[in-house]
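Here is how the chains run, residue by residue.
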Amino acid sequence: MNHAPASSPVVSVTRKLEFDAGHRIPDHRSQCRNLHGHRYVLEITLAGDIVNAPGASDNGMVMDFTEIKAIAQAHIVQVWDHAFLVYDGDVAVRDFLESLPSHKTVVLDRIPTVENLAAIAFETLAPHYHGHYGNHLRLTRVRLYETPNCWADCEG
């Protein structure tokens, strides 16, 4: 009797990072149309094969959490932390922010809802994780908390 070899289980890992940023939802009917900020929590979930490289620092891991953090820090957290995230079409606020010397402003191609921010983070980060180590690594989910009770997931 022939038995097919058991396939390796897919393992995922998640790294959480936090940052502060301001935004507004210009056409929203509630207070979210006003300038305000959040303590965002970003969760990065990666899936892939476990590294099998005896003697290597990352042996037994999908990806070292320190490296997961470094990539997310460089491409999202450091860019968005203590910045005002503004939609390109929100001309009044963009003009105001441009009048402030050295203000940290990030202009986005979409309204900075938590859903859009999660999608932007996913689109930005995915190429940096894909195929890392040759262990079929891929970004599977970005979860972005806007408040402790409200978040958006972007999955790929």
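Please refer to the structure placed before this passage.
Rules used throughout
Along each chain, the written sequence defines residue order, and numbers are assigned to residues from 1. Per-residue local features are limited, in this predicted model, to residues with pLDDT of at least 70; the limit for side-chain atom pairs, both in listing and counting, is 80 or more; totals at the level of whole chains, interfaces and linings are taken over all residues. For side-chain calculations, the full set of non-hydrogen atoms in the structure is used, while hydrogens and water are omitted. A 1.4 Å probe rolled over the protein chains alone gives each residue an accessible area, and that area as a share of the maximum for its type sets the label: buried under 20%, exposed over 50%, partly exposed in between. Here a strand is any run of E in DSSP of at least two residues, a helix any run of H or I of at least four, and the numbering for each starts at the N terminus. Note that the arc is defined by the directions from the helix axis to the C-beta atoms. Note on contacts: a residue pair is in contact if any heavy atoms of the two residues lie within 4.5 Å. For our purposes a nonpolar core is just a set of buried Ala, Val, Leu, Ile, Met, Phe, Trp, Tyr and Cys residues, chained together by side-chain atoms within 4.5 Å.

## What to know about helix 2 (residues 91–98)
Among the residues making up helix 2, those that are buried are Val93, Arg94 and Leu97. The arc that holds every buried residue of helix 2, seen down its axis, measures 100°, which confines them to one face. In helix 2, the exposed positions that point more than 90 degrees away from the buried face belong to Ala92 and Glu98. On its buried side, helix 2 packs onto strand 3 (83–87) and strand 4 (105–108).

## Remarks on the nonpolar core
Core analysis: the largest hydrophobic core is formed by 35 residues, its most contacted members being Leu42, Ile44, Leu46, Trp80 and Tyr129. Counting residues per element, the ones that place at least two in this core are strand 1 (11–23), strand 2 (36–48), helix 1 (65–80), strand 3, strand 4, helix 3 (114–129), strand 5 (138–147) and strand 6 (150–155). With nine residues, helix 3 is the largest single contributor of residues to this core. Filtering out sequence-adjacent residues up to four positions away, Leu46 remains in contact with Val11, Ser12, Val13, Met63, Ile68, Tyr129, Leu137, Arg138, Leu139 and Thr140.

## Side note on the side chain of Asp90
Mapped onto the elements, Asp90 comes out in the loop between strand 3 and helix 2. Classification of Asp90 by relative accessible area gives buried; the value is 5%. Leave out the neighbours within four places in its chain, and Asp90 touches Arg24 and Pro26.

Read these as geometric descriptors, not functional statements.
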